[in-house]
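Residues per chain are reported as follows:
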Amino acid sequence: MNLETQYKKFYKIIQTLPEGPLFSKLEINPTELCNRRCSFCPRGQGYPNKNEHISLEVIDKIYKDLKELNYKGLIEICGSGEPLLSKNLLPLVKKLSKFNLLITSNGDRLTTDKILELNNNGVNYFIVSMYDGEEQISEFKEKFLKAKIDENRFWLRKSWYEHTHFNNRAGSVEEFQKKLATQPCNILHYQLDVTINGNVEFCCHTAWKNNYYHGNILSSSLKEIWYGKKMQSYRKLLEKGRKHTPCKSCSVGGTRYGQEFVEKWNELSN
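Residues numbered from 1 in each chain as written. Predicted model: local features only at pLDDT ≥ 70, side-chain atom pairs only at ≥ 80, totals over all residues. Heavy atoms only, no water.

Peer 1: Just checking my understanding: could you explain the packing of aromatic side chains for this structure?
Peer 2: Both the distance between ring centres and the angle between the ring planes are used here to describe each pair of aromatic rings. Counted under the stated rule, the structure contains 15 aromatic pairs. Ring geometry for Trp226 versus Trp265: centroids 6.2 Å apart, planes at 55°, classification tilted. In this pair, Trp226 sits in helix α7 (residues 222-226) while Trp265 sits in helix α9 (residues 259-269), placing the two residues 39 residues apart along the sequence. Take Trp226 and Trp265: they sit in the same class, and that class is buried. Taken together through their ring pairs, the aromatic side chains of Phe23, Tyr63, Tyr71, Phe99, Trp226, Tyr227 and Trp265 make up a single cluster. Above the ring of Tyr63, the side-chain terminus of Lys95 is found at 5.0 Å from the ring centroid. (Phe/Tyr/Trp six-rings, centres within 6.5 Å; stacked < 30°, edge-to-face > 60°. Helix = DSSP H or I, 4+ residues; strand = E, 2+ residues; numbered from the N terminus. Buried < 20%, exposed > 50% of the residue type's maximum accessible area, 1.4 Å probe, protein only. Lys NZ or Arg CZ within 6 Å of the ring centre and 35° of its normal.)

Peer 1: Please explain the nonpolar core as it appears in this structure.
Peer 2: Across soluble globular proteins, nonpolar side chains show a tendency to be buried alongside one another. In terms of nonpolar packing, the biggest core is built from 66 residues, with Phe23, Leu26, Ile62, Leu66, Ile75, Leu96 and Phe144 touching the most fellow members. When residues of this core are assigned to their parent elements, the largest contribution, six residues, is made by helix α2 (residues 56-69). Residues within four places of Phe144 in sequence aside, it is in contact with Leu110, Ile115, Phe126, Val128, Ile149, Phe154 and Leu156. (Core = buried A, V, L, I, M, F, W, Y, C linked by side-chain atoms within 4.5 Å. Contact = heavy atoms within 4.5 Å.)

Peer 1: Would you mind showing me how to read helix α5 (residues 135-146) here?
Peer 2: Note: α-helices contain 3.6 residues per turn, so residues at a spacing of three or four share the same orientation. With twelve residues, α5 extends 18 Å from end C-alpha to end C-alpha; this agrees with the ideal 16 Å at 1.5 Å per step. Lining the buried residues of α5 we find α4 (112-120), β6 (125-130) and β7 (154-158). Downstream of α5 by a residue or two, Lys148 has a phi angle that is positive, lying close to 60°. (Expected span 1.5 Å × (residues − 1).)

Peer 1: Looking at this structure, how should I read the state of the cysteines?
Peer 2: What makes a disulfide is a covalent bond joining the sulfur atoms belonging to two cysteines. Considering all chains together, one arrives at zero disulfides under this definition. The thiol of Cys185 is not disulfide-bonded; the next cysteine sulfur, from Cys203, is found 6.4 Å away. Judged by its relative accessible area of 8%, Cys185 is buried. (Disulfide = S-S within 2.5 Å.)

Peer 1: Looking at this model, I keep getting lost on the pairing of β6. Mind explaining?
Peer 2: The two faces of a sheet get side chains in turn, since along a regular strand they alternate between them. By the criterion of burial, β6 is predominantly enclosed, with six of the six residues buried. The sheet contact formed by strand β5 (residues 100-105) and β6 spans four bridges and is parallel. Bridge pairing in β6 places Leu102 opposite Tyr125. What joins β5 to β6 is α4, and the crossover it makes is right-handed. At this point the chain moves from β6, through α5, to the parallel β7, and the crossover so formed is right-handed. (Pairing = 2+ DSSP bridges. Right-handed = clockwise from strand over helix to strand, strands pointing away.)

Peer 1: Got a minute to help me understand the pattern of salt bridges in this structure?
Peer 2: Between side chains of opposite charge, a pair can form as their charged atoms come close. In total, this model carries 13 salt bridges according to the counting rule given. Note that Lys25 and Glu27 form a salt bridge whose closest N and O atoms lie 3.3 Å from each other. With respect to burial, Lys25 and Glu27 carry one shared label: buried. With its nearest N and O atoms 3.7 Å apart, the salt bridge here joins Glu151 to Lys141. In this pair, Glu151 is assigned in the loop between α5 and β7 and Lys141 in helix α5, connecting sequence segments ten residues apart. Here Glu151 falls in the partly exposed class, since its relative accessible area comes to 43%. Here the residues in one salt-bridge network are Lys25, Glu27 and Glu76, joined through shared partners. (Salt bridge = Lys/Arg side-chain N within 4 Å of Asp/Glu carboxyl O.)

Peer 1: Got a minute to help me understand α9 in this structure?
Peer 2: Every buried residue of α9 is listed here: Phe261, Val262, Trp265 and Asn266. The buried side chains of α9 occupy one side of the element, clustering within an arc of 130° when seen end-on. The inward-facing, buried residues of α9 contact β2 (20-21), α6 (187-190), α7 and α8 (229-240). (Arc of directions from axis to C-beta.)

Peer 1: Honestly, the pairing of β5 in this entry has me stumped. Any pointers?
Peer 2: Of all six residues in β5, five are buried; the element is thus mostly enclosed. Across four bridges, strand β4 (residues 74-77) lies against β5 in parallel orientation. Residue pairing in the sheet places Leu74 in a bridge with Asn100 of β5.

Peer 1: Would you take a moment to explain the environment of Pro30 for this structure?
Peer 2: Topologically, Pro30 is positioned in the loop between β3 (25-28) and α2. Judged by its relative accessible area of 0%, Pro30 falls in the buried class. The spacing of Pro30 and Thr195 is 165 residues in sequence and 6.8 Å in space, taken between C-alpha atoms. Residues contacting Pro30, with those up to four places away along its chain left out, are Glu52, His53, Ile54, Ile77, Cys78, Pro83, Ser86, Leu92 and Ile196.

Right, dumping it as structure tokens:
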């Protein structure tokens, strides 16, 4: 099974606790640095580069909370920066090595030695978002095969032309401004997003706004935030559309994944 197919299957892992289904994907942003300024990203429209990195305290707390949950889903290290620029990337990977761990990178700093280091310290899967063109495929494939990484463990994503998944990042990008006020969004039903200081972001698409959070894991647990009243109320709102802040100006599809989770949440609430 190739990684693109396996990646989609992770979205269907429903680990149910008495309170309801647990998130199947935890996205961790390890840094506020990026070396690119892509036109479809808020960084290409003035979002600042900040030399800030995930703290060891936050890393330890993530591990503690996931261990207590016996978490079975996917952890994706990506977020609003380039993970390979994080000074605490290796401590993060080592700490979370017992879980299903994936890293998504633009590949600019990805060498064969770096692949080996990450693999040897616990990274199970790699996604490279290639933005420059067809010639990158053979370049990255050679690096992974030289590191003896099975082809089912890396996905070379052709991001230079696969624009169907691009969106306006909850209104932070001038392009892709089609609004979907009446369309539901499933993201909060299956995904949780933690940033460098422990804040749990509203969702992965509001990371650029810096002022919409569900809580902070240094003062609450992942479980408490996930099953808390705030997230529960927004899940209900998003099942009916996006007429509320910060979702009312968002153009993300939002229903590609997670319908099974929506049905499970509603089944348990009836």
